[in-house]
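Chain residues, written in single-letter form:
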Amino acid sequence: MFTKQFEIRWNDLDANMHLANSSYVNFMSHTRMAFFEEYGFSLHEIAKHDLAPVVFYEHIYYFKEAHIGDLITVGLEVTGLSEDGMFFSFNHNFYDGKGKNIAHCEMLGAWMSFKTRKLTHLNDELMACANRFPKSKDFKTLTKADTRKYQKRPVDLSL
């Protein structure tokens, strides 16, 4: 498991004086980018290929509060990757200073082309990097159908 450690600051709190939902999201995003950097997907590298990661969803489950000054560790496990590298899924776990699991998140993402603003596969060079990702015990090869498993569709306002 890839991990990154954070100290909770006052601006990471919400009105209940515990770690805010938005801070969980920010810590996961920072952990993902550090993971990508370690495996050859630095911001500079993906910019060379006109790519950016996009998030389809993040399902977060909260188990225990975290407070100002607490040290938390955010884990990342690769749970899925499509054959062309377009889609990826990660599990994030949050741990307190004693190693207790305080939150869990399942996320699904993809790569988008800056030029076309559409989803795109990875080229051979980046696919070689992605194939080096450590895989979770429950890793699966993702397909487009996996991106539709919750059957959510936009519902526009009738104006």
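Each remark here, short or long, concerns the structure printed above.
This write-up is about the structure you can find in this document. As the structure is a prediction and not an experimental result, all values here were calculated from the model.

**Some details on the layout of surface pockets**
Roughly 290 Å³ of internal volume is contained in the largest pocket. The element best represented in the lining of the largest pocket is strand β2 (residues 51-62), accounting for three residues. Taken together, the residues of the lining of the largest pocket break down into six nonpolar, three polar and four charged. Of the pockets and cavities examined, the second largest pocket occupies roughly 240 Å³. If you go around the second largest pocket, you meet 14 residues; those closest to its centre are Tyr57, Thr79, Ser89, Leu142 and Lys149. Elements with a contribution of two residues or more to the lining of the second largest pocket: β4 (87-95), β5 (101-113) and β6 (135-142). Looking at side-chain class alone, the lining of the second largest pocket contains six nonpolar, three polar and five charged residues.

**With respect to the nonpolar core**
Grouped burial of nonpolar side chains is what soluble globular proteins tend to show. Core analysis: the largest hydrophobic core is formed by 35 residues, its most contacted members being Phe35, Phe41, Ile72 and Phe94. Of all the elements in the fold, those that place two or more residues in this core are β1 (2-7), α1 (21-38), β2, β3 (71-82), β4, β5 and α3 (124-130). When residues no more than four places from it in sequence are discounted, the contact partners of Phe41 are Phe36, Ile46, Trp111, Leu122, Leu126, Cys129, Ala130 and Phe133.

**Section: the pattern of salt bridges**
Taken as a whole and assessed by the stated rule, the structure comprises six salt bridges. Across the pair Lys115 and Asp50 runs a salt bridge, and its minimum N-O distance is 3.4 Å. Placement of Lys115 in the loop between β5 and α3 and of Asp50 in the loop between α2 (43-48) and β2 is noted, with a sequence separation of 65 residues between them. For Lys115, a relative accessible area of 67% corresponds to the exposed category. Since its relative accessible area comes to 25%, Asp50 is described here as partly exposed. Residue Asp96 pairs with Lys64 through a salt bridge whose shortest N-O separation is 3.4 Å. Residue Asp96 is found in the loop between β4 and β5, and its partner Lys64 is found in the loop between β2 and β3; the two are separated by 32 residues along the sequence. Classification of Lys64 by relative accessible area gives partly exposed; the value is 47%.

Conventions used here
- Residues numbered from 1 in each chain as written.
- Predicted model: local features only at pLDDT ≥ 70, side-chain atom pairs only at ≥ 80, totals over all residues.
- Heavy atoms only, no water.
- 1 Å grid on protein atoms, 1.4 Å probe; cavity = no way out; pocket = protein on both sides within 12 Å on 5 of 7 lines; lining within 4 Å.
- Points joined across faces, edges and corners; volume = space filled by probe spheres on them.
- Helix = DSSP H or I, 4+ residues; strand = E, 2+ residues; numbered from the N terminus.
- Nonpolar A, V, L, I, M, F, W, Y, C, P; charged D, E, K, R; others polar.
- Core = buried A, V, L, I, M, F, W, Y, C linked by side-chain atoms within 4.5 Å.
- Buried < 20%, exposed > 50% of the residue type's maximum accessible area, 1.4 Å probe, protein only.
- Contact = heavy atoms within 4.5 Å.
- Salt bridge = Lys/Arg side-chain N within 4 Å of Asp/Glu carboxyl O.

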